[in-house]
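One letter stands for each residue in the lines below.
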Amino acid sequence: MGIYFDGGGMGTDINSVSRASSRGLVATGDDFGLVRLMHYPSVVPNAPANEHSGAHSSHVTCVRFSPGSGGNQWLVSAGGADRGALQWRLVGE
């Protein structure tokens with residue numbers, strides 16, 4: 001529900017979703033090159049999110065949080081055509 005946003009078509013543009021087990025966060029990667037971070041559970045349409053654009057030059061194929069034993073301090077995103085792998089450090093809430 002809340003991971004879909006205006007301009008996102010019929011939900012076919014979300015390529016990957018990952019939930020941080022110890023932080024109450026969820027991240028998405030989409031066809032627009034956006035990495036979005038929002039609270040979990042995200043149950044309202046167009047839920048507020050931190051959007052990070054410009055890091056990937058094309059679609060984002062995968063997003064994953066670091067394992068829970070590390071406190072989910074990191075998020076990794078992988079790009080498609082740009083073949084980029086980015087590591088994001090999570091600070092604060």
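The structure this text deals with has already been given above.
Residues numbered from 1 in each chain as written. Predicted model: local features only at pLDDT ≥ 70, side-chain atom pairs only at ≥ 80, totals over all residues. Heavy atoms only, no water.

Considering the packing of aromatic side chains
Where we set the bar: We call Phe, Tyr and Trp rings a pair once their centres come within 6.5 Å, taking the six-membered ring for Trp, and we label the pair stacked below 30 degrees between planes, edge-to-face above 60, and tilted otherwise. A ring is considered to have a charge above it if a Lys NZ or an Arg CZ atom is located within 6 Å of its centre and within 35 degrees of its normal.
Across all of its chains, the model carries zero aromatic pairs by this definition. Geometry around Tyr40 places Arg19 over its ring, the cationic atom sitting 4.9 Å from the centre.

Some thoughts on the sheet that holds strand β4 (residues 50-52)
Worth spelling out the cut-off: Should DSSP find at least two bridges between two strands, the strands are regarded as paired. Strands here are runs of E lasting at least two residues and helices are runs of H or I lasting at least four, both read from the DSSP assignment and numbered beginning at the N terminus. Between N-to-C directions, angles cover 0 to 180 degrees, with each direction set by a line fitted to C-alpha atoms, over the stretch in contact for helices.
As summarised here, the arrangement of the four strands in space is β1-β2-β3-β4, forming an open sheet in which the pairing is antiparallel. Strands with a single pairing partner mark the edges of an open sheet, and in this sheet they are β1 (14-20) and β4. The average angle at which neighbouring strand axes cross in this sheet is 20°, direction not considered. Pairing between strand β3 (residues 35-39) and β4: three bridges, direction antiparallel. Opposite Arg36, over in β4, you have Glu51 as the bridge partner.

A few points about the side chain of Ser66
Threshold: The buried label goes to any residue with under 20% of its type's maximum accessible area, the exposed label to any with over 50%, and the partly exposed label to all in between, with areas taken from a 1.4 Å probe on protein chains only. We call two residues contacting when some pair of their heavy atoms lies within 4.5 Å.
Counting through the fold element by element, Ser66 comes out in the loop between β5 (60-65) and β6 (74-79). When its relative accessible area of 17% is taken as the criterion, Ser66 is described as buried. Ignoring any residue separated from it by four or fewer positions in sequence, one finds Ser66 in contact with Asn72, Gln73 and Trp74.

Some thoughts on unusual backbone geometry
Only a minority of non-glycine residues have a phi that is not negative, and only a minority of peptide bonds are not trans. In this structure, the amide linkage connecting Tyr40 to the following residue, Pro41, adopts the cis form with an omega of 0°. Among the structural elements, Pro41 can be located in the loop between β3 and β4. In the Ramachandran plot, Arg83 falls in the positive-phi region, its phi being about 55° despite a non-glycine side chain. For Arg83, the position within the fold is in the loop between β6 and β7 (85-89).

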